[in-house]
Amino acid sequence: QALANLAHCLCRSGRLRDAASPAADALKLIAEVGNPAFDFGCRALLTEIRLTAGDFEGLPQELARLNSETGSDLPLWERGYAYYLAAALECELGRFDAAMRDVHRLKRIELPGAPFLERELAESISALIHYERGERDKALELLASLHGTLTRKHWPYHMCVVKLRLGEMHLKEGRLETARK
């Protein structure tokens, strides 16, 4: 599990090449343990690394396989993670309806007292889709709300994603000074 956590941290800090090796090692070790939740988590992590690197070959099939396992006895947060990854891939491929469906799946299984770590990331995907569909004000309002939430939570990776999306949208709108902030 420690190797998987290391790979996850390396991935989310932009060190994708460094993340691949501990993730693959973790997957091998976890396969020996025979714990389905750990196995699922490592495969999902490897999927995130490949998604982040833009290596989409075979990812739709892997995500379909991961999401077919979400009805099993896996923890809710693992299912939410799989839905987030599916939404991210669908968004990257321009399949916005499918991406929104996966965001809604994530939100539907989330418990009020135990929000998913990927909730705000999934919401930022929703904002991107709203923007691409011409709902610019809705997208910017959602990202501004997420920015406030993440400021209170002190989650640096999530904050970077939201701020990057905000900056990109402001640049597209020609608001250079706002984008710099």
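The shown structure was predicted, so the numbers you read here are calculated from the model rather than taken from an experiment.

Draft legend 1. Region of interest: the overall build of the protein. Along the backbone of the protein there are 10 helices and 0 strands. Walking the protein from its N terminus toward its C terminus, one meets helices and strands in the order α-α-α-α-α-α-α-α-α-α. For the protein, the C-alpha radius of gyration of 17 Å lies close to 16 Å, the compact-globule estimate for 181 residues. Counting only C-alpha atoms and orienting by the principal axes, one finds that the protein spans roughly 55 × 35 × 30 Å. Taking all contacts inside the protein whose residues are at least 6 apart in sequence as the whole, residues at least 24 apart take part in 53%.

Draft legend 2. Representation of the pattern of salt bridges within the structure. Per the counting criterion, the structure on display carries 18 salt bridges. Put simply, D18 and R15 hold a salt bridge, and the shortest N to O gap is 2.9 Å. For D18, a relative accessible area of 36% corresponds to the partly exposed category. The class for R15 is partly exposed, based on a relative accessible area of 45%. With its nearest N and O atoms 3.2 Å apart, the salt bridge here joins K107 to E123.

Draft legend 3. The arrangement of the nonpolar core in detail. Counting 50 residues, the largest nonpolar core has Y84 and I125 as its most contacted members. If you tally residues by element for this core, the top one is helix α5 (residues 76–92), at 9 residues.

Draft legend 4. Main features of unusual backbone geometry. In this model, H154 sits at a positive phi of 60 degrees, which is unusual for a non-glycine residue. With relative accessibility at 64%, the residue H154 sits in the exposed group.

Draft legend 5. Structural view of the side chain of T47. Within the secondary structure, T47 is located in helix α3 (residues 36–53). A distance of 2.8 Å separates a polar side-chain atom of T47 from the backbone oxygen of R43. Residues in contact with T47, not counting those within four places in the same chain, are L59, E62, L63, L66 and L85.

Draft legend 6. The arrangement of the packing of helix α7 (residues 119–132) against helix α8 (residues 136–153) in detail. For the pair α7 and α8, interaxial distance at closest approach is 7 Å and the crossing angle is 160 degrees. Looking at the two axes, α7 sits roughly antiparallel to α8. Note that α7 runs across α8; the crossing there is left-handed. Taking contact as the criterion, the partners of E120, E123, S124, S126, A127, H130 and Y131 in α7 are, on α8, R136, K138, A139, L142, L143, L146, T149, L150 and K153.

Draft legend 7. A nonpolar patch on the surface, seen in detail. The grouping of L3, L6 and L29 at the surface amounts to a nonpolar patch, some 240 Å² of accessible area in total. For L3, the position within the fold is in helix α1 (residues 2–12). Relative accessible area serves as the criterion here: at 30%, L3 is assigned to the partly exposed category.

Draft legend 8. Spatial organisation of helix α6 (residues 96–109). Taking 1.5 Å per residue, 14 residues should reach 20 Å; α6 reaches 20 Å between its end C-alpha atoms and fits that length. Those residues of α6 hidden inside the fold are in contact with α5 and α7.

Draft legend 9. Seen up close, helix α4 (residues 59–68). Listed in full, the buried residues belonging to α4 are L59, E62, L63, L66 and N67. One face of α4 carries all of its buried residues, which in axial projection span an arc of 130 degrees. Structural note: α4 exposes Q61 and S68 on the side pointing more than 90 degrees away from its buried face.

Scoring rules and cut-offs
- Residues numbered from 1 in each chain as written.
- Predicted model: local features only at pLDDT ≥ 70, side-chain atom pairs only at ≥ 80, totals over all residues.
- Heavy atoms only, no water.
- Helix = DSSP H or I, 4+ residues; strand = E, 2+ residues; numbered from the N terminus.
- Rg over C-alpha atoms; globule rule 2.2 N^0.38 Å.
- Contact = heavy atoms within 4.5 Å.
- Salt bridge = Lys/Arg side-chain N within 4 Å of Asp/Glu carboxyl O.
- Buried < 20%, exposed > 50% of the residue type's maximum accessible area, 1.4 Å probe, protein only.
- Core = buried A, V, L, I, M, F, W, Y, C linked by side-chain atoms within 4.5 Å.
- Polar contact = N/O pair within 3.5 Å; in protein donor to acceptor, adjacent residues only side chain to side chain.
- Axes fitted to C-alpha atoms, helices over the stretch in contact; angles between N-to-C directions.
- Parallel < 35°, antiparallel > 145°, perpendicular 65-115°, else oblique.
- Left-handed = near helix turned anticlockwise from the far one by under 90°.
- Patch = residues over 30% accessible without salt bridge, like charges linked within 9 Å, V, L, I, M, F, W, Y side chains within 5 Å.
- Areas by Shrake-Rupley, 256 points an atom, 1.4 Å probe, with all protein chains shown as cover.
- Expected span 1.5 Å × (residues − 1).
- Arc of directions from axis to C-beta.

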